[in-house]
Structures are given as C-alpha cells and as structure tokens.
Amino acid sequence: MSDDDLICICMTVSRGEIKEAIRKGSRTIDALKATLYCCTGCGTCEGRVVAILEEELKKVSSCTP
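Owing to the predicted nature of the structure, the values given are computational and were not obtained by experimental measurement.

*Asks:* Help me out: how do you make sense of the overall build of the protein chain in this one?
*Replies:* Within the protein chain, the secondary structure is distributed over three helices and two strands. Helices (α) and strands (β) of the protein chain occur, in sequence order from the N terminus, as β-β-α-α-α. A globule of 65 residues ought to have a C-alpha radius of gyration of about 11 Å, and the protein chain, at 11 Å, matches this closely. By principal-axis analysis of the C-alpha atoms, the protein chain measures approximately 40 × 25 × 15 Å. Across the 65 residues in the protein chain, those meeting the buried criterion constitute 32%. Long-range pairs, those at least 24 residues apart, make up 43% of the contacts in the protein chain with a sequence separation of at least 6. Accessible surface, the protein chain as shown: approximately 4000 Å² in total, 55% of it carbon and sulfur.

Have a look at this one:
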C-alpha cells in the first residue's frame, strides 16, 4: 500500500497523512480524528486507520530505548 492511497474517502485522508500525524504526536484514534477528521464521516475507514496507527506505534516504540 502506498502512502498516497486514500484511507478515509470522506475526508480525503491518505495513508501518508495518517503516518505523519502519528509521527507528530497523534497516538490515539481520537487524536487522529481531532487532527485529520478521519473516521468522522461514514466511519467505515476506522479499522484501516486503527491498523495503520498500531503499525506505526510499533515502529515508534521499537526506536525508543
């Protein structure tokens, strides 16, 4: 999956935007909703957003001592 792929169609949020928001400190689904407004339209993308969040948080936690 490319970072250019749209994850939230309703709010036109891409995978890359979600990853960037996580890197900048959005560490929960509620934080992503507040910053990107993803999952606030129809809500069908929430599972995909949570999967990206979990994937990115694993990367972040493996980088910290």
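Once you've had a look at it, read on.
*Asks:* Can you walk me through the pattern of salt bridges in this structure?
*Replies:* A side chain with one charge may pair with a side chain of the opposite charge, provided their charged atoms come close. Applying the stated criterion to the full structure yields seven salt bridges. One salt bridge in this structure joins Asp 3 and Lys 19, with 2.9 Å as the shortest N-O distance. Here Asp 3 is found in the segment before strand S1 (6–8), whereas its partner Lys 19 is found in helix H1 (residues 15–23), with 16 residues between them in sequence. With a relative accessible area of 34%, Asp 3 lands in the partly exposed category. The shortest N-O distance in the salt bridge between Lys 59 and Glu 55 comes to 3.9 Å. In this pair, Lys 59 and Glu 55 are both assigned in helix H3 (residues 46–63), four residues apart and thus about one turn of the helix distant. The network of salt bridges with shared partners includes Arg 15, Glu 55, Glu 56 and Lys 59.

*Asks:* Teacher, can you tell me more about H1 here?
*Replies:* In an α-helix there are 3.6 residues to a turn, and that puts residues three or four apart on one side. Within the sequence span of H1, burial applies to Arg 15, Gly 16, Ile 18, Lys 19, Ala 21 and Ile 22. Gly 25 lies just past H1 and shows a positive phi near 125°.

*Asks:* Would you take a moment to explain the nonpolar core for this structure?
*Replies:* Core analysis: the largest hydrophobic core is formed by 15 residues, its most contacted members being Ile 18, Leu 32, Leu 36, Cys 38 and Val 49. Of all elements in the fold, only S1, H1, helix H2 (29–36) and H3 reach the threshold of two or more residues within this core. The residues touching Ile 18, leaving out its near neighbours within four places in the chain, are Ile 7, Val 13, Leu 32, Leu 36, Val 49 and Ile 52.

*Asks:* Would you explain the environment of Glu 55 in this entry?
*Replies:* On the accessibility criterion, Glu 55 (32% relative accessible area) is partly exposed. The spatial distance from the C-alpha of Glu 55 to the C-alpha of Lys 19 is 9.4 Å, given a sequence separation of 36 residues.

Thresholds, definitions, all that
Starting afresh in each chain, residues are numbered from 1 along the sequence in its written order. Per-residue local features are limited, in this predicted model, to residues with pLDDT of at least 70; the limit for side-chain atom pairs, both in listing and counting, is 80 or more; totals at the level of whole chains, interfaces and linings are taken over all residues. The basis for the side-chain values is all heavy atoms of the structure; hydrogens and waters are excluded. Secondary structure elements follow DSSP: runs of H or I of four or more residues count as helices, runs of E of two or more count as strands, with numbering from the N terminus. For the radius of gyration, the atom set is restricted to C-alpha positions; the globular benchmark scales as 2.2 Å times the number of residues to the power 0.38. To sort residues, take the accessible area from a 1.4 Å probe on protein chains only and compare it with the maximum for the residue type: under 20% means buried, over 50% means exposed, and anything in between is partly exposed. By definition in these notes, contact holds between two residues if any of their heavy atoms fall within 4.5 Å. Here the accessible surface of atoms and residues is derived via Shrake-Rupley with a 1.4 Å probe, and residues count as covered only by protein chains that are part of the display. We count a salt bridge whenever a side-chain nitrogen from Lys or Arg sits within 4 Å of a carboxyl oxygen from Asp or Glu. Side-chain atoms within 4.5 Å are what join buried Ala, Val, Leu, Ile, Met, Phe, Trp, Tyr and Cys residues into a set we call a nonpolar core.

From the geometry alone we can't say anything about function, so treat these as descriptive.
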